Amino acid sequence: VPDASENFIVYSAYADPYSVSGEVMLYDIATGATTILASHSDLGWAKIYGDRVVWSQGPPHARELILHDITTNESMLLAGPSIIGPAQIGSRFVTWGSSGLECDVEVFDFELERSYALTATPRTCESYPSTDGDWVAWRAADVLSPLGRVEAYNGRTGELRIVSDDPAGAASLVSVSGDLITWRSNRDGHRPG
């Protein structure tokens, strides 16, 4: 699944549909040049924002989360090896979910230049994090219930907010764009979004 930002498109490429080894590719729209950013087995979806690209690599039980700077051509390990969910990247944060029974939302904060856990609520699984600007939003659910709520955190103010506490209204796939937060709903049992 490709992702785009400004003049760049990033995607994972495999030699054939059954291959476990692939490459993270960067396509520069302005020049038409394609660059290989990384080669590895079991690549996760690459995401881009500005001149930064993030992706996961490695087997599901021991994934690494990599951040790459297009300008300097340098990569750094953000997390792992561990069980890591899909990552999202924005202007301030890289977000990802750590999997397990009580999954949590973790971030790398570009302003603070460090990683930290945003959530660690007992008996709650926080997942599907998304970010834009100072906001990070995610789905939260009791580990024994398929129903959930949507929560958000503002990195500038430190505010933690429950966006929706309707148990049937937060199925998955939270997304942030500016000051708008969207999510998939299961209100009528059909997950219309």
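In this text, all values refer to a predicted model and were calculated from it rather than measured experimentally.

1. Concerning the environment of Tyr 116
Relative to the elements of secondary structure, Tyr 116 occurs in strand 12 (residues 114–117). Sequence separation between Tyr 116 and Glu 106 is ten residues; the distance between their C-alpha atoms is 5.8 Å. A polar contact of 3.0 Å, which involves the side chain of Tyr 116, links it to the side chain of Asp 109.

2. A closer look at the sheet that holds strand 8 (residues 74–82)
Pairing is antiparallel across the open sheet formed by four strands, whose spatial order is 5-6-7-8. One side of each edge strand has no neighbouring strand; the edge strands of this open sheet are strand 5 (47–49) and strand 8. Averaged over all adjacent pairs, the angle separating strand axes in this sheet is 15 degrees, with direction ignored. Two strands pair when backbone bridges link them, and strand 5 and strand 6 (residues 52–57) are joined in this way by three bridges, in the antiparallel orientation. Bridge assignment links Lys 47 to a residue of strand 6, and that residue is Val 54.

3. Quick look at the state of the cysteines
All chains considered together, the criterion is met by one disulfide. Here Cys 103 engages in a disulfide with Cys 125; their sulfurs sit 1.6 Å apart. With a gap of 22 residues between them, Cys 103 in the loop between strand 10 (93–98) and strand 11 (104–109) and Cys 125 in strand 13 (residues 124–132) connect regions that are remote in the sequence. Look at Cys 103 and you get buried, because its relative accessible area is 8%. Its relative accessible area of 18% is what places Cys 125 among the buried residues.

4. Digging into the confidence of the model for the protein chain
Residue-level pLDDT values for the protein chain average 87, and 90% of them are 70 or greater. Of all helices and strands in the protein chain, the one with the weakest mean pLDDT is strand 17 (residues 172–177) (81), whereas strand 5 scores best (97).

5. Concerning the sheet that holds strand 3 (residues 21–28)
Taken together, the four strands give an open sheet; going across it, the order is 1-2-3-4, and neighbouring strands pair in antiparallel fashion. Each having just a single partner strand, strand 1 (3–5) and strand 4 (34–41) make up the two edges of the open sheet. Direction aside, neighbouring strands of the sheet carry axes that sit 20 degrees apart on average. Examined bridge by bridge, strand 2 (residues 8–14) and strand 3 share seven bridges and lie antiparallel to one another. Residue Phe 8 lies in a different strand from strand 3, and its bridge partner there is Asp 28.

6. With respect to the environment of Ser 5
Turning to its location among the elements, Ser 5 is positioned in strand 1. Linking Ser 5 and Asp 51, residues 46 residues apart in sequence, is a C-alpha distance of 8.3 Å. Setting aside anything within four residues of it in sequence, one finds Ser 5 in contact with Ile 48, Tyr 49 and Gly 50. A polar contact is formed between the side chain of Ser 5 and the backbone nitrogen of Gly 50, at a distance of 2.8 Å.

7. A word on the environment of Met 76
Relative to the elements of secondary structure, Met 76 occurs in strand 8. Using a relative accessible area of 39% as the deciding quantity, one classes Met 76 as partly exposed. Between the alpha carbons of Met 76 and Leu 65 there is a distance of 8.5 Å; along the sequence they are eleven residues apart. If we skip the residues at most four places from it in the chain, Met 76 touches Leu 65, Ile 66, Leu 67 and Phe 108.

8. Topic: the packing of aromatic side chains
Throughout the structure, instances matching the rule amount to one aromatic pair. For the ring pair Phe 108 and Phe 110, a centre distance of 5.4 Å and an interplane angle of 80 degrees mean the geometry is edge-to-face. Each of the two residues, Phe 108 as well as Phe 110, counts as buried. The ring of Phe 110 carries Arg 52 above its face, with NZ or CZ at 3.7 Å from the centroid.

Cut-off values and rules
Residues numbered from 1 in each chain as written. Predicted model: local features only at pLDDT ≥ 70, side-chain atom pairs only at ≥ 80, totals over all residues. Heavy atoms only, no water. Helix = DSSP H or I, 4+ residues; strand = E, 2+ residues; numbered from the N terminus. Polar contact = N/O pair within 3.5 Å; in protein donor to acceptor, adjacent residues only side chain to side chain. Pairing = 2+ DSSP bridges. Axes fitted to C-alpha atoms, helices over the stretch in contact; angles between N-to-C directions. Disulfide = S-S within 2.5 Å. Buried < 20%, exposed > 50% of the residue type's maximum accessible area, 1.4 Å probe, protein only. pLDDT = per-residue confidence, 0-100. Contact = heavy atoms within 4.5 Å. Phe/Tyr/Trp six-rings, centres within 6.5 Å; stacked < 30°, edge-to-face > 60°. Lys NZ or Arg CZ within 6 Å of the ring centre and 35° of its normal.

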